[in-house]
Amino acid sequence: MTRYLINRLFISIPTLLAISVVVFAILALAPGDPMAEFATNPAITAEVRENIRRSLGLDQPIYIRYVKWLWAFMRGDMGFSFNSRSPVVNLILQRLPTTLWVVGTAYLLAALLAVPLGVISALKRYTFFDQMVTTLAFVGFSLPTFFTGILFIIIFSVQLRWFPFIYNSTLRVTNWATFMAQVRQSIMPVMVLVLFQAAVLMRFVRASMLEQMNRDYVRTARAKGLRNFVVVNRHILRNALIPVVTLVALDIPTVFTGALVTEQIFRVPGIGALLVDSIFRGDTPVVMAITFIYAILIVIFNLVADILYGILDPRVQYAR
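All values reported here derive from a predicted model rather than from experimental measurement. (Residues numbered from 1 in each chain as written. Predicted model: local features only at pLDDT ≥ 70, side-chain atom pairs only at ≥ 80, totals over all residues. Heavy atoms only, no water.)

### Section: the pattern of salt bridges
- Overall, the coordinates contain four salt bridges when judged by the stated rule.
- Here Arg-206 and Asp-130 are joined by a salt bridge, their closest N and O atoms 2.9 Å apart. Taken as a pair, Arg-206 in helix α8 (residues 176-213) and Asp-130 in helix α6 (residues 128-142) lie far apart in primary sequence, 76 residues in all. For the pair shown, Arg-206 and Asp-130 are each scored as buried.
- One salt bridge connects Asp-216 with Arg-219, and the closest N-O pair in it is separated by 2.5 Å. (Salt bridge = Lys/Arg side-chain N within 4 Å of Asp/Glu carboxyl O. Helix = DSSP H or I, 4+ residues; strand = E, 2+ residues; numbered from the N terminus. Buried < 20%, exposed > 50% of the residue type's maximum accessible area, 1.4 Å probe, protein only.)

Rendered as structure tokens:
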């Protein structure tokens, strides 16, 4: 096990380096000038723009900029934003709590709903409950989040006036009233994400359960006279959740990067909104930092999924 983990870590390093090279090259060679915003400002002359360009290192060759960026990133320095002049790490840390609150809450609720619904739907296959849950899952899976977001705004904000349709980023939770206001403004973006994520997870759990229910070891357990509750909990559920654990582990990094579309629709000031805004503004350091952190999280949670896979299924042998 230890040798397997060490090998995986050694494989992860060149993988991350290759990802960083590709992403850095794409961003550096992409059309557009990071100094374009200054060109429209008459107070900033061409000489000043050139001095700013040199101070940011944009006049150096790509490979030198990449080596400098990589060395700084390894020391925890993600550089400075081209637009706000703030440290990139500060920008990310400012947006992270909002993203975890909205996207993290949504994923947690989706998992809590999807697993029991998927299990019950599989156990009660072809019943009215199964058909109803399956239909709702298809609806949630088929509708894109930008459509459900706008639909929720029209129904619950414009028509019923229950919830605000724009997320108030200046709201600070200091008492019970402000906490409830925070909850009210989070309900619609959270529910949009829950509808989609729960549908995907529920379909996956149901399919995994049905696959295990027809296995020989299940028939053997029933032939031994074990109660249905024991067969489901000790045999079917444990094996059915193994691929689900992998799916959930690979989805967790998306919580960090936020929900790009949903954050834009509801003006949620999360990391997803920061990423989209930085792409439009050509703010390369911010885009590079968020993208590379996402790649690191993917590699880490891939490893976590492999470890959990071995814990849940003792038959899995770790190759050297």
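We are not done yet, so read on.
### Considerations on the environment of Ala-111
- Checked against the element boundaries, Ala-111 lands in helix α5 (residues 88-123).
- Residue class for Ala-111 comes out partly exposed when judged on its relative accessible area of 22%.
- Ala-111 sits 28 residues away from Asn-83 along the chain, and the two C-alpha atoms are 38 Å apart.
- Excluding residues that lie within four positions of it along the chain, Ala-111 makes contacts with Pro-116 and Leu-201. (Contact = heavy atoms within 4.5 Å.)

### A few points about the packing of helix α1 (residues 2-29) against helix α4 (residues 62-74)
- Two elements in contact, α1 and α4, have axes separated by 11 Å at closest approach and are oriented at 130°. One finds that α1 runs oblique with respect to α4. When you trace α1 past α4, the crossing you get is right-handed. Two secondary-structure elements touch here, α1 through Leu-17, Ser-20, Val-21, Phe-24, Ala-28 and Leu-29 and α4 through Ile-62, Arg-65, Tyr-66, Trp-69 and Leu-70.
- When its residues are assigned to classes, the contact of α1 with α4 shows nine nonpolar, one polar and one charged. (Axes fitted to C-alpha atoms, helices over the stretch in contact; angles between N-to-C directions. Parallel < 35°, antiparallel > 145°, perpendicular 65-115°, else oblique. Left-handed = near helix turned anticlockwise from the far one by under 90°. Nonpolar A, V, L, I, M, F, W, Y, C, P; charged D, E, K, R; others polar.)

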